[in-house]
Amino acid sequence: MRILSIESSCDDSALAYTDGNNAKLLWHEKISQEDSHSCYGGVVPELASRLFARDLVQLLNNFKQKFSFSNISYIVVTNEPGLSTSLLEGVMMAKALSLSLKIPLLGINHLKGHIYSLFIESYKEIFPLCVLLVSGGHTMLIECYSYNDMRVVANTLDDSFGECYDKAAKMLGLGYPGGMIIDSLAKQALSENIAPVALPIPLINQNMQCFSFSGLKNAFRLQLEKMALKNLIQDSQLYDKNEYVNRIKNSIEAKALALGLQESATTHLIHKCKFYMKQNDHIKHFAIVGGASANSMLREKIQILTAQFHKTLLMSELRYCSDNAAMIGRAAIGKIRHENAMNTYKQINYGQLDSKKNTLPLNKIWHDKDTESKNFASNLSNSYAMQKLDTINLHTISHAHANSNDRNNQYNPLSLQISPRNTEIKTTS
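Computed from a predicted model, the values in this text were never measured in an experiment. (Residues numbered from 1 in each chain as written. Predicted model: local features only at pLDDT ≥ 70, side-chain atom pairs only at ≥ 80, totals over all residues. Heavy atoms only, no water.)

A. Expanded view of the packing of aromatic side chains. Under the definition given, this model contains twelve aromatic pairs. Both rings, one in tyrosine 17 and one in phenylalanine 63, keep their centres 4.9 Å apart while their planes meet at 80 degrees; by these two values the pair is edge-to-face. Of the two residues, tyrosine 17 sits in strand S2 (residues 12-19) while phenylalanine 63 sits in helix H2 (residues 45-64), which places them 46 residues apart along the sequence. Residue class for tyrosine 17 comes out buried when judged on its relative accessible area of 1%. Site record: aromatic cluster; members linked through ring pairs are Tyr17, Trp27, Phe63, Phe67 and Phe69. Above the plane of the ring of tyrosine 147 lies lysine 112, whose end atom (NZ or CZ) is 4.2 Å from the centre. (Phe/Tyr/Trp six-rings, centres within 6.5 Å; stacked < 30°, edge-to-face > 60°. Helix = DSSP H or I, 4+ residues; strand = E, 2+ residues; numbered from the N terminus. Buried < 20%, exposed > 50% of the residue type's maximum accessible area, 1.4 Å probe, protein only. Lys NZ or Arg CZ within 6 Å of the ring centre and 35° of its normal.)

Shown next as structure tokens:
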């Protein structure tokens, strides 16, 4: 089973090719739009859409030079949440490929993709799991029990963690994205023993399971207004771009301000995660994912926190923190396994032993040459052990190699719609 995945939710064009039998990543490329949006201090939706129309075609041509379309079993694409104009480009390409190649099309939730970035190159999935997802558009705590059972337990009241950094970098005139820029300045301040500018920690005295960054962003602006650094920013037109950037990055005030933001923002995240852990001890694994999870201070602090509460910490590799198609392909494996399990479950005689010879006891190891089917059967055993199913009919297993007409009915490409909102992950009250 081979999966071609497409990611176009915001400002990164990406394609990946994954072996669904063992989750091995066979190929992955992406083209960033950061330079095109940097001068605007954020993503321009119309510009992003036009760049996707160009870059996705280039990536597909790169894929064609190395692999054959005839081996693809599934086309998968991000269809929510994200910028509508960006999502549309990826979904239209996915539909065209699905219809022309006559293979199934799957829509994948972008946030689930970030969660499955933890499992890239690994067929094993670790659930239950609590995830801190931090990016340019989201800041939330999610309890994950399976692919189809994820619940938001804390969200931001206003801005996201990543957006706060983007806006701070924009105020300094340093472009977009701001996460690595502010992180780098903060590291320089630490190495040079520069004292941070004191900034408030959001909701520090509030016993609320939520996040907030709009006040911190404003506090950053007010501190900047008081500094001599403001004059340099106002005179930015007197310098060429490289000279201006170097002047800001060499400014002691800029480094102190960046470190102050870094300490306040990460302390806020850790404080709210600690509040959650004190109230909830039922999940032993904790993870951070999303583009902003690459933040160096956040990674250091979360390791200390999880050790304090005896949690096992999972973190994506730095190259998979930002938006990418490899995580979408890995999430697709989780979705296919879940849907096949559901289809099989519906066909089982509940609570009754099947006396036919083509049944499989779930409490025994199935010795078979078909690795994919064996892994699937093992997954079924784990998924439904709590429901005390005794047997499973092997003929009910419908995987990617089933009849193509049946698969096309199940995954009709014309039925896939884009949604700029997150509709798959439940929000708890």
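B. Spotlight on the UniProt feature "binding site: substrate" (unreviewed entry) in the chain. As annotated by UniProt and renumbered to match this structure, "binding site: substrate" (unreviewed entry) occupies Leu133, Val134, Ser135, Gly136, Gly137, Asp166, Gly179, Asp183 and Asn295. For glycine 137, the location among the structural elements is in the loop between strand S6 (129-134) and strand S7 (139-146). On the basis of relative accessible area, glycine 137 is assigned to the exposed category, the value being 54%. One can find aspartate 166 in helix H5 (residues 161-171). (UniProt positions renumbered as here; feature names shortened; annotations may be inferred.)

C. Focus on the UniProt feature "binding site: Fe cation" (unreviewed entry) in the chain. Under the feature "binding site: Fe cation" (unreviewed entry), the UniProt entry names His110, His114 and Asp323. A maximum C-alpha distance of 8.6 Å places the annotated residues, which cover 214 residues in sequence, within one compact spot. Note on histidine 110: relative accessible area 6%, which makes it buried. Apart from residues no more than four positions distant in its own chain, histidine 110 is found in contact with Glu7, Ser9, Thr78, Glu80, Pro81, Asp323 and Met327. Assignment of secondary structure puts histidine 114 in helix H4 (residues 110-116). Apart from the residues lying within four places of it in its own chain, the contact partners of histidine 114 are Leu133, Val289, Gly290, Gly291, Ser316, Cys321, Ser322, Asp323 and Met327. (Contact = heavy atoms within 4.5 Å.)

D. Examining the side chain of aspartate 323 more closely. Tracing the sequence through the fold places aspartate 323 in the loop between strand S10 (312-315) and helix H12 (325-346). Buried and unpaired, aspartate 323 has lysine 30 as its nearest opposite-charge partner, separated by 7.0 Å. At a separation of 3.1 Å, a polar atom in the side chain of aspartate 323 contacts the side chain of histidine 110. Apart from residues lying up to four places away in sequence, aspartate 323 is in contact with Glu7, Ser9, Cys10, Asp12, Lys30, His110 and His114. (Lys, Arg positive; Asp, Glu negative; His and termini not counted. Salt bridge = Lys/Arg side-chain N within 4 Å of Asp/Glu carboxyl O. Polar contact = N/O pair within 3.5 Å; in protein donor to acceptor, adjacent residues only side chain to side chain.)

E. Spatial organisation of the side chain of lysine 335. Here lysine 335 shows up in helix H12. Contacts of lysine 335, omitting those with residues within four sequence positions, involve Leu106, Gly107, Ile108, Tyr147 and Glu424.

F. Inspection of helix H7 (residues 214-225) at higher detail. Taking 1.5 Å of rise per residue, the twelve residues of H7 would be expected to cover 16 Å, and the 17 Å separating its terminal C-alpha atoms lies within 8% of that figure. Every buried residue belonging to H7 is among Leu216, Lys217, Ala219, Phe220 and Leu224, and all of these are buried. On an axial view of H7, the arc spanned by its buried residues comes to 160 degrees, and they lie on one face. Contacts from the buried residues of H7 go to H5, helix H8 (229-234) and helix H10 (252-279). (Expected span 1.5 Å × (residues − 1). Arc of directions from axis to C-beta.)

G. How the structure looks around unusual backbone geometry. The omega torsion across glutamate 80 and proline 81 is -25 degrees, close enough to zero to call that bond cis. For the bond running from tyrosine 176 to proline 177, omega is -5 degrees, close enough to zero to count as cis. Mapped onto the elements, proline 177 comes out in the loop between H5 and helix H6 (179-191). Notably, histidine 310 is not glycine yet its phi reads approximately 55 degrees, a positive angle. Take histidine 310: its relative accessible area is 68%, and that puts it in the exposed class.

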